[in-house]
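Survey of secondary and tertiary structure
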Amino acid sequence: MRHRHLPTVALALGVAVLLDVLRVWLPSIITIFGQAAETPAELLGAFALGWFVLALAAPVLVRRLGARPARLAAAGLLAATRLALTAAPGGRVQLWLACAGLLAGLVWLAATAATVARPVPGLAFGLAGAAVGHALLGTEDLVWRGAALGWTVSVLLVGAFLAAQSAADPDAGLRASGAAGRVAWVLVGPVLLLAGQLALAPAVWDAAASYWHGSADLPGLGLPPAHLAAVPELAIGLFLVALLVRPPRPVARLLWPVALVAGAGLFAADRAGWLAAAALLAAAGLGGCLALVDTVADRGNALVHRRSGRPLVPATVAGSAADSGSVAGAGAAGVTAPGEGAGSGEPAAPDPGGGDGGGRRGFAVAGGMLGFAVGAVAYYAAYDLGYPNGWVPVLAALAVAAAAVAAPPGAARRFRTPVPAWTVLGAMLLTAVGGGIHRPAPAPHPPATPPTAVRVVAYNIRMGFGLDGRLDLDAVARAVDGSRPDVVLLSEVDRGWLLNGGHDTLALLAGRLRMPYVFAPAADPVWGDAVLSRFPVRAGETRPLAAHGAPTGAQALGVTLDLGGRDLAVVATHLQPPPGQGPVAQAREVAAFATRYAAGRPLVLGGDLNTEPADPAFAEFTQAGLVDALAAARPLRTSPADDPRTEIDHVLVSPGLTASGVTAPRTTASDHLPVAVTLALP
């Protein structure tokens, strides 16, 4: 274990812990430092990137302190902040803890790179293990859960990580000098971006599966799968198969890079129906490309003794052995062949600081993680600044694919046949178990007799993050369920944005409320609006709204509810006004869509309309014949939640529906308050 598998285990566990911290740090930047979009996007981006720029000094620190002391110290701080984040009350404490944990994680990566020249097995199994764990948790991180389960598993994870770090011996076996592993280390950043955004993101898998289970009556909409979906199991299985079962190299050099770039391209095309294919292609392509760059020693590098630093095999011989995978020459001399020694990572140069090769690998991983930050900031800032962002995942995929095509034949140890089979089947089984644990609520049956009234709630949930910056879907569910709704209209619904931690907030909230959902994409296939209902949904459609100068995408979602012999038309939307203007043009579009969709049936329209009752945009709805259902309770201020000053969340209805029982329950589960109203049917 010490000499063959422990470096892989140590790196895999570290990747899992670092991902936990990243899934807190990313939304903390938005919700706490960003202050609900009040902080300029440029300042927010500079703050986020600054931590990764600061980490470029990590290899220098590692060289001065020595790789092992620096690695152990950084691992200890990473572990401590990971546990502290579970106990943190949110707010600035959470933000600075997450920043400290991120910086510690980046230093730990640089120190690990100084002594590990083969990072691919640890990185790949860490990403796969984190994805399977996230699926088992229903995409809700342990760090947000707390309680007995959260603390127990968190302590076990962190304890195993620290134990592996202290037990791993960076001096075991041979050292690979020069540029060994540098390409693989620089790809850590792009690989994390692609994995978290698409390929190994369980929330994205769930969203993709929900589009698979649509129908001709609900085109382009996401619905709870009627049975266990196949997308998650296929995605994790394809990733591991491509990683472990290696086809002939000429085939692999064409197949896997093309699959990865094609998957990223389908995702960038922003078509909900293509999301499943994008995720599956990206998962397979990412696993295959990692296998291609998994080399122990680059062509032409010499193998050196672990302490003396003197060459044991001439550079040309080592290069030939790497190309052929042969172990005969080194074995005859009593030398462990590449891939047969440390297993995951052939340690680097002989000096305590990692030497020239180790130092360069440290700079490589620090630079790669800076690329991760630039890509993430560039992709999500587009929704504030209004430029095309589809190039970000495609560029990351091209970088990984190019490295895979250019990589020389490696001397990586091949896995024995039973290992891939059991690994793949076990991961797929656990992913399926996660889907079974978190089954969506079953589709409701029509009521025996039509109700005389329905209770409607409209709520901008801010992706499930409260004013304290913590993901608290229990609080969101309490805020909604307290009004005892029959129909819920949700805005700012996130189904897998890496920026927000990669959670399927819709499925998690629908499970708590035990209400099936209909989801419509707005900004991209995993961010938009939703309707939850205790009544069956007969039909629905989504209408993308023209931007009219607004950077964030918007849509109008119309669904037809079966109330037991009569229909109710419901339209959910979230208007996005251009900077400094009102959403007049979008309001006109939504009003026209809603009246056409209702076609004379009773109609309810609601959501975050970003306009007040006296504004021209609001007048577009009343001029279309709709009635303000909240008029009797005006002024009904809903934003910001801790000090409401504006009336921007609304419910409008067709004439003939009578409103009563209007409330806006006080809660800080989001930056908006929900609005609730009872509507008597004509």
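Residues numbered from 1 in each chain as written. Predicted model: local features only at pLDDT ≥ 70, side-chain atom pairs only at ≥ 80, totals over all residues. Heavy atoms only, no water.

Time to look at the overall build of the protein chain. On a plain count of helices and strands, the protein chain comes out with 23 helices and 15 strands. Put simply, the protein chain has 682 residues, and 59% of those count as buried. Restricting the contact set of the protein chain to residue pairs at least 6 apart, pairs at least 24 apart contribute 78%. Looking at the protein chain as shown, the accessible area adds up to about 23,900 Å², and 64% of this sits on carbon and sulfur atoms. (Helix = DSSP H or I, 4+ residues; strand = E, 2+ residues; numbered from the N terminus. Buried < 20%, exposed > 50% of the residue type's maximum accessible area, 1.4 Å probe, protein only. Contact = heavy atoms within 4.5 Å. Areas by Shrake-Rupley, 256 points an atom, 1.4 Å probe, with all protein chains shown as cover.)

This brings us to the pattern of salt bridges. Under the definition given, this model contains 18 salt bridges. Between E620 and R588 there is a salt bridge, with its nearest N and O atoms 3.3 Å apart. With E620 in helix α23 (residues 616-623) and R588 in helix α22 (residues 584-598), this residue pair connects regions lying 32 residues apart in the sequence. With a relative accessible area of 44%, R588 lands in the partly exposed category. Note that D628 and R634 form a salt bridge whose closest N and O atoms lie 3.0 Å from each other. A relative accessible area of 17% means that D628 is categorised as buried. Judged by relative accessible area, which is 22%, R634 ranks as partly exposed. (Salt bridge = Lys/Arg side-chain N within 4 Å of Asp/Glu carboxyl O.)

Our next topic: the confidence of the model for the protein chain. For the protein chain, per-residue confidence averages 87 on the pLDDT scale, and 86% of positions sit at 70 or higher. A low-confidence stretch, residues 171-178 stays under pLDDT 50, and its non-local contacts, those more than four residues away or across chains, total 34 contacts. The low-confidence segment residues 297-355, where pLDDT is below 50, has 133 contacts with residues more than four positions distant or belonging to other chains. (pLDDT = per-residue confidence, 0-100.)

Our next topic: the packing of aromatic side chains. Taken as a whole and assessed by the stated rule, the structure comprises 15 aromatic pairs. With centroids separated by 4.9 Å and ring planes inclined at 85°, the aromatic side chains of Y379 and Y380 adopt a geometry described as edge-to-face. Assigned by exposure class, Y379 and Y380 land together as buried. Among the aromatic residues, those joined into a cluster by ring pairs are F267, Y379, Y380, Y383, W497 and W527. In this structure, R495 packs its charged tip against the face of F519, placed 5.3 Å from the ring centre. For R601, the ring lying beneath its charged end belongs to Y597, and the centroid distance is 5.4 Å. (Phe/Tyr/Trp six-rings, centres within 6.5 Å; stacked < 30°, edge-to-face > 60°. Lys NZ or Arg CZ within 6 Å of the ring centre and 35° of its normal.)

Looking now at the packing of helix α20 (residues 473-481) against helix α21 (residues 505-513). Angle between the axes and distance between the axes: these two values describe a pair of packed helices. For the pair α20 and α21, the least separation of the axes is 10 Å and the interaxial angle reads 50°. Viewed along their axes, α20 and α21 adopt a mutual orientation that is oblique. Where α20 crosses over α21, the two elements pack in a sense that is right-handed. Along the contact surface, α20 presents L473, D474, V476, A477, V480 and D481, while α21 presents T505, L508, L509, R512 and L513. Its residues placed into classes, the contact of α20 with α21 shows seven nonpolar, one polar and three charged. (Axes fitted to C-alpha atoms, helices over the stretch in contact; angles between N-to-C directions. Parallel < 35°, antiparallel > 145°, perpendicular 65-115°, else oblique. Left-handed = near helix turned anticlockwise from the far one by under 90°. Nonpolar A, V, L, I, M, F, W, Y, C, P; charged D, E, K, R; others polar.)

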